[in-house]
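# Structural overview for review
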Amino acid sequence: MTLRSNAGAFYSLKFVTLLIALNPELLFLEAEVQLQGNGYDGLLVAINPLVPENQNLIPNIKEMITEASIYLFNATKRRVFFRNIQLLIPSTWNAHNYSKVKQESYEKANVIVTNWNSEHGDDPYTLQYRGCGKAGKYIHFTQNFLLNDDLTTGYGSRGRVFVHEWAHLRWGVFDEYNNNKPIYINRRNQIEVTRCSSDLTGIFVCEKGPCPQENCIISKLFKEGCIFLYHKIQNATASIMFMQSLSSVVEFCNASTHNQEAPNLQNQMCSLRNAWDVITDSDDFIHSSPMNGIEIPPSPTFSILQASNKVVCLVLDVSSKMAESGRFLQLQQAAEFYLMQVVEIHTFVAIATFNSKGEILTQLHQINSDADRKLLVSYLPTTVSADAEASICSGLKKGFEVVEKLNGKAYGSVMILVTSGADEHMEDCLPTVLSSGCTLHSIVLGSSVVGKLEKLSHLTGGLKFFVPDKPNSNSMTDAFNRISSGTGDIFQQTVQLESLGETVEPYHQLKNTVIVDASVGNDTIFLVTWQTSGPPEIVVSDPGGRKYYTSDFITNLAFRTASLWISGTAKPGSWIYTLNNTYHSPQALKVTVSSRASSTAVPPATVEAFVEKDNTYFPHPMMIYANVRKGSYPILNSTVTATIEPETGEPVTLQLFDDGAGADVIKNDGIYSRYFFSFAVNGRHSLKVHVNHSPGVRNLAYFVPGSHAMYIPGYIENGNIQMNMPRTLVHRSEEAFCRISSGGSFSVLGVPDGPHPDMFPPCRIIDLEAAGVEEEVALSWTAPGEDFDQGQATSYEIRMSGSLHSVRDDFTSAILVNTSKLNPQPAGTKETFTFSPKLFTNGLQHQADGETQENHRIYIAIRAIDQNTLKSGVSNIAQVSLFIPQNSVPILSRDYLILKGVLTAVSLIGIICLIIVVIHCTLERKRKAGREGNGIRLL
């Protein structure tokens, strides 16, 4: 197995080398936005189809990015600017001879524009799901933010906001403010506002005007009605990641301006590193140099693209290999479901097949009714050929031939290629595919080496799926369900509610419940598939008690499918289905349930499953993600379970979390994450995610998801308070729902045979917090595992210091805290630990009231250790100030502790010696006195 996988890696490398030889520009297709010279090319901004056409929107986007280009160029010290921008507008807008899309789509955009505002209104934000220095997912703007000029008083100019978000997206830096912790106590025992840099000035403002600090802060929190407002005119030039809205702010925080004490995400996620340090470590800066001279860069050029007709061609393998392991039957069942349910209305669809040669089964047909769908199903292949050869190029050639008849080119078309075999001659059609402008989605059955095909899918912006040879696997149907038009119109797309497959014993049943929530219900379908000649006994009960039986289903005996379409809008609530295996042998029974949005008023909840990269090498883990949202809102407190199916062996289930620990970077952002490292075999793995959300659980996020531009409530200008208009908060309701999403496939290489050695340490703790409780420190964090974020660690190592840099740079030399009574809990558990640091202070300070107290400023970090002494990385650094009464004896340093110990020991020895001498002298005097007394008596 390892040899085959390594061979696959070799051929993949050879494949990429060939691509570059054919056309060097192809090297840049995979990475989307590219920095060439000093200019960024290929930035894609896409407008959601639900945004109504507005004549000011496109000019405002152009103006924003043009301003951002100069601002970014100066902020990066003449390093980078925006050169070529692609702007994708919806097909529903009026056409003005715009360029046609190729592989570009809304779902692949770097910047999206929607009319869905977030809980905090129109806050621009960037969805960051990885750690420090890692790129984010996308930048989000609302239509109102781009059109309403009044909002610029609170956020700053749009160009400045764009640069703030670009730094999140491109370089993986984080915000330098913290709305949840707007103040903290600094090392000088002063109450400080969380900011970067500390040179930014302002005043506390109460309900009636300026007020002293003590009138605004109670127990380290702002009193209601109090805020801190900044002066509109400043001298400080940093920082863009804090308040880009200030006219003086033109730089990122660097070593001289960065505030390492501020309790913000930048310090927490980047181990106190300043934003400029992280940015200059990026590939953009490593592979470029500042521009010479004083000339400003040219203004960006904009290409406006507009999607035209949606065109899909199914390119299906009918070689004899498809007859193995029930592959062809799975293909028929999934393709029928795709044509009848998944593919969107008004889409043009064609079907081609291939073995050693290609064949067109049907020309393009536009779907305008159910009759059109049924007609397309009738063209699906019914048998496999005797030919074992599978020429992928022959199939794709026929696919291009048929789609080009519509518009003369394949621009914007989608190819869905299903195959069970490798093709060593794919190089013959590489230039054609890559220059065609089509998006190629690949679905691979079995375990053939098809690395070239999967790489080609990736380069064209397509998805890749793997279907294992397991009769009870529903991966084929899940893959077809995931493939959408890419327009971003969620109201036209199918939403998968259920996907379940089990091998059912004779005269046993498969029974389960699926929730149809109120946001969906149109075009609801229950699909049942089986393996034998006849269908099982089927009973479906709706929430009102109505029952549907096998006779109510539309049965296709050739494909062994039974479909139930619910007329109108399905009743919201719990639907129960029961499948009885009446066959005399075990067989795989599978159920798929999908629906569409019930109205265009409220977007349905969606889930997008994905992995961090296409492949990994043992022992490096794979990061698994699920993005759960309702429009722009993150959905919290859901039960999210990932199922990973390898080529051979049993599936592995893994619960994902949104707790800001382990693989999860930010808590409550709607992205659920987990490490996956249970590698049993080499090869491909298929991913599916199941989401269950229950009502009654608090679902609303208390902050905008991800990193976002701060809204400024007001300024101090010429001594006067100038308040900006308050933001309108958006409130949401919650409801129960369930969702399924295929996450495609990934490969694992280098897995050793036999039992694996323990090579997985506990994951790094990233949410350590500290609070002072009288003379003690109370710590809290999320427990890591024995292996990354799974299992249970063996022990913790906690250290503290009065120096921030000592804990960060020399953790093992900091003072060790006694944790003998601290036993780690299972991964994901909230840990708490309290200790008394009386032996560690920062000296005496005199308070304003004249009372002398000790200000203990302590910096604390932690790491976990497993049973084989593998250690996690050092956590984020928590800090706390303690105020201890005057009668406590201070000890100034670790060296002083040692000195005092030595002096104490010497003193004790001296005292003991003195006592011995005194006793000895006393005894001698007594003996001498006794002898003298005896002499007198004798005389």
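Residues numbered from 1 in each chain as written. Predicted model: local features only at pLDDT ≥ 70, side-chain atom pairs only at ≥ 80, totals over all residues. Heavy atoms only, no water.

### Observations regarding the overall build of the protein
Stated precisely, the cut-off is as follows: Strands here are runs of E lasting at least two residues and helices are runs of H or I lasting at least four, both read from the DSSP assignment and numbered beginning at the N terminus. We call a residue buried when its accessible area falls under 20% of the maximum for its residue type, exposed when it is over 50%, and partly exposed in between, using a 1.4 Å probe and counting protein chains only. Should any heavy atoms of two residues lie within 4.5 Å, those residues are considered in contact. What sets the accessible areas is the Shrake-Rupley method with a 1.4 Å probe; for residues, cover comes only from the shown protein chains.
Within the protein one finds 17 helices and 50 strands. Relative to its full complement of 939 residues, the protein shows a buried share of 54%. Expressed as a percentage of contacts within the protein between residues at least 6 apart in sequence, the contacts between residues at least 24 apart total 75%. For the protein, the exposed area adds up to about 39400 Å²; of that, 53% sits on carbon and sulfur atoms.

### A closer look at the environment of K208
Inspection of the secondary structure puts K208 in the loop between β10 (202–206) and β11 (209–210). K208 sits 17 residues away from G225 along the chain, and the two C-alpha atoms are 9.1 Å apart.

### A look at the pairing of strand β24 (residues 520–529)
Here is the rule we go by: At least two bridges found by DSSP between two strands is the condition for calling them paired.
The element β24 is extensively covered by neighbouring structure, given that eight of its ten residues are classed as buried. As judged from the seven bridges shared by β24 and strand β30 (residues 587–597), these two strands associate in the antiparallel manner. Each bridged residue has a counterpart across the sheet, and for N522 the counterpart in β30 is R596. Two elements, β24 and strand β28 (residues 561–565), share five bridges in a ladder whose sense is antiparallel. Bridge pairing in β28 places I525 opposite W565.

### Here we look at the state of the cysteines
Spelled out, the test is: Disulfides are defined as cysteine sulfur pairs within 2.5 Å.
For the structure on display, the rule yields five disulfides. Paired by a disulfide, C216 and C226 hold their sulfur atoms 2.3 Å apart. Of note, the bridge from C216 to C226 carries an S-S torsion of about -105° and is left-handed in sense. On the criterion of sequence distance, the pair formed by C216 in the loop between β11 and β12 (217–218) and C226 in the loop between β13 (221–222) and β14 (227–231) is long-range, its members being ten residues apart. With respect to class, C216 is no different from C226; both count as buried. By sequence order of its bonded cysteines, the protein has the disulfide arrangement 1-8, 2-7, 3-4, 5-6, 9-10. C313 takes part in no disulfide bond, and the closest cysteine sulfur, belonging to C438, lies 9.8 Å away.

### As for the pattern of salt bridges
Quick reminder of the rule: Put simply, a salt bridge is a Lys or Arg side-chain nitrogen that is within 4 Å of an Asp or Glu carboxyl oxygen.
Inspection of every chain in the model, using the stated rule, returns 28 salt bridges. For the salt bridge of E608 with K137, the shortest nitrogen-to-oxygen distance reads 3.4 Å. With E608 in strand β31 (residues 605–611) and K137 in the loop between β6 (125–127) and β7 (138–142), this pair connects stretches of sequence that are 471 residues apart. E608 gets classed as partly exposed once you look at its relative accessible area, which sits at 26%. With relative accessibility at 23%, the residue K137 sits in the partly exposed group. A salt bridge links R158 to D149; the nearest nitrogen and oxygen atoms lie 2.8 Å apart. Salt bridges sharing partners connect three or more residues here, namely R130, K134 and E612.

### Considering the confidence of the model for the protein
The following threshold applies: Confidence of the predictor at the level of single residues is given by pLDDT, which spans 0 to 100.
Residues of the protein with pLDDT of at least 70 account for 86%, and the chain-wide mean is 87. Across residues 841–854, where pLDDT falls below 50, the model places 37 contacts with residues more than four positions away in sequence or in other chains. Counting contacts from residues 931–939, a segment whose pLDDT is below 50, to residues more than four positions away or on other chains yields zero contacts.

### Focus on the pairing of strand β37 (residues 671–676)
With six of six residues buried, β37 lies mostly within the body of the structure. Residue alternation in β37 divides its side chains into two sets, I671, S673 and Y675 and Y672, R674 and F676, and both sets are buried. Here strand β33 (residues 622–630) runs beside β37; their pairing, made up of six bridges, is antiparallel. When the bridges of β37 are listed, A626 appears paired with Y672.

### Here's the deal with the sheet that holds strand β44 (residues 776–782)
Rule in force here: Axis definition: a line fitted to C-alpha atoms, limited for helices to the stretch in contact. Angles are taken between N-to-C directions and run from 0 to 180 degrees.
Taken together, the three strands give an open sheet; going across it, the order is β43-β44-β47, and neighbouring strands pair in antiparallel fashion. Among the strands making up the open sheet, the edge pair consists of β43 (769–773) and β47 (830–835). Each strand axis lies, on average, 20° off the axis of its neighbour in the sheet, ignoring direction. In this sheet, β44 lies alongside β43 in antiparallel orientation, the contact comprising five bridges. If you follow V773 over to β44, its bridge partner there is E776.

### Examining the packing of aromatic side chains
To describe a pair of aromatic rings, one takes the distance between the centres and the angle between the planes. Filter applied, for reference: The criterion for an aromatic pair is that two Phe, Tyr or Trp rings (for Trp, the six-membered ring) have centres within 6.5 Å, with stacked assigned to planes under 30 degrees apart, edge-to-face to planes over 60 apart and tilted to the rest. Remark: a charge is flagged as sitting over a ring if the NZ atom of Lys or the CZ atom of Arg is within 6 Å of the ring centre and within 35 degrees of the ring normal.
Inspection of every chain in the model, using the stated rule, returns 32 aromatic pairs. With centroids separated by 6.2 Å and ring planes inclined at 70°, the aromatic side chains of F676 and F746 adopt a geometry described as edge-to-face. Of this pair, F676 sits in strand β37 while F746 sits in strand β42 (residues 737–749); the two residues are 70 residues apart in sequence, bridging distant segments of the chain. Take F676 and F746: they sit in the same class, and that class is buried. Each member of the aromatic cluster is reached from another via a ring pair, and the members are Y40, F82, F141, F145, Y155, F162, W166 and Y711. The ring of F610 carries the charged tip of K137 above its face, separated from the ring centre by 4.0 Å.

### What to know about the packing of helix α2 (residues 57–75) against helix α5 (residues 158–171)
The line we're drawing: Angle categories are assigned with fixed cut-offs, so that under 35 degrees is roughly parallel, over 145 is roughly antiparallel, 65 to 115 is roughly perpendicular, and the rest are oblique. Handedness of a helix crossing follows the sense of rotation of the near helix relative to the far helix, less than a right angle counterclockwise being left-handed and clockwise being right-handed.
For the pair α2 and α5, the least separation of the axes is 8 Å and the interaxial angle reads 70°. Comparing the axis directions of α2 and α5 gives the class roughly perpendicular. Crossing handedness for the pair α2 and α5: right-handed. The residues of α5 that touch α2, namely those facing N60, M64, I65, E67, A68, Y71 and L72, are R158, G159, R160, F162, V163, W166 and W171.

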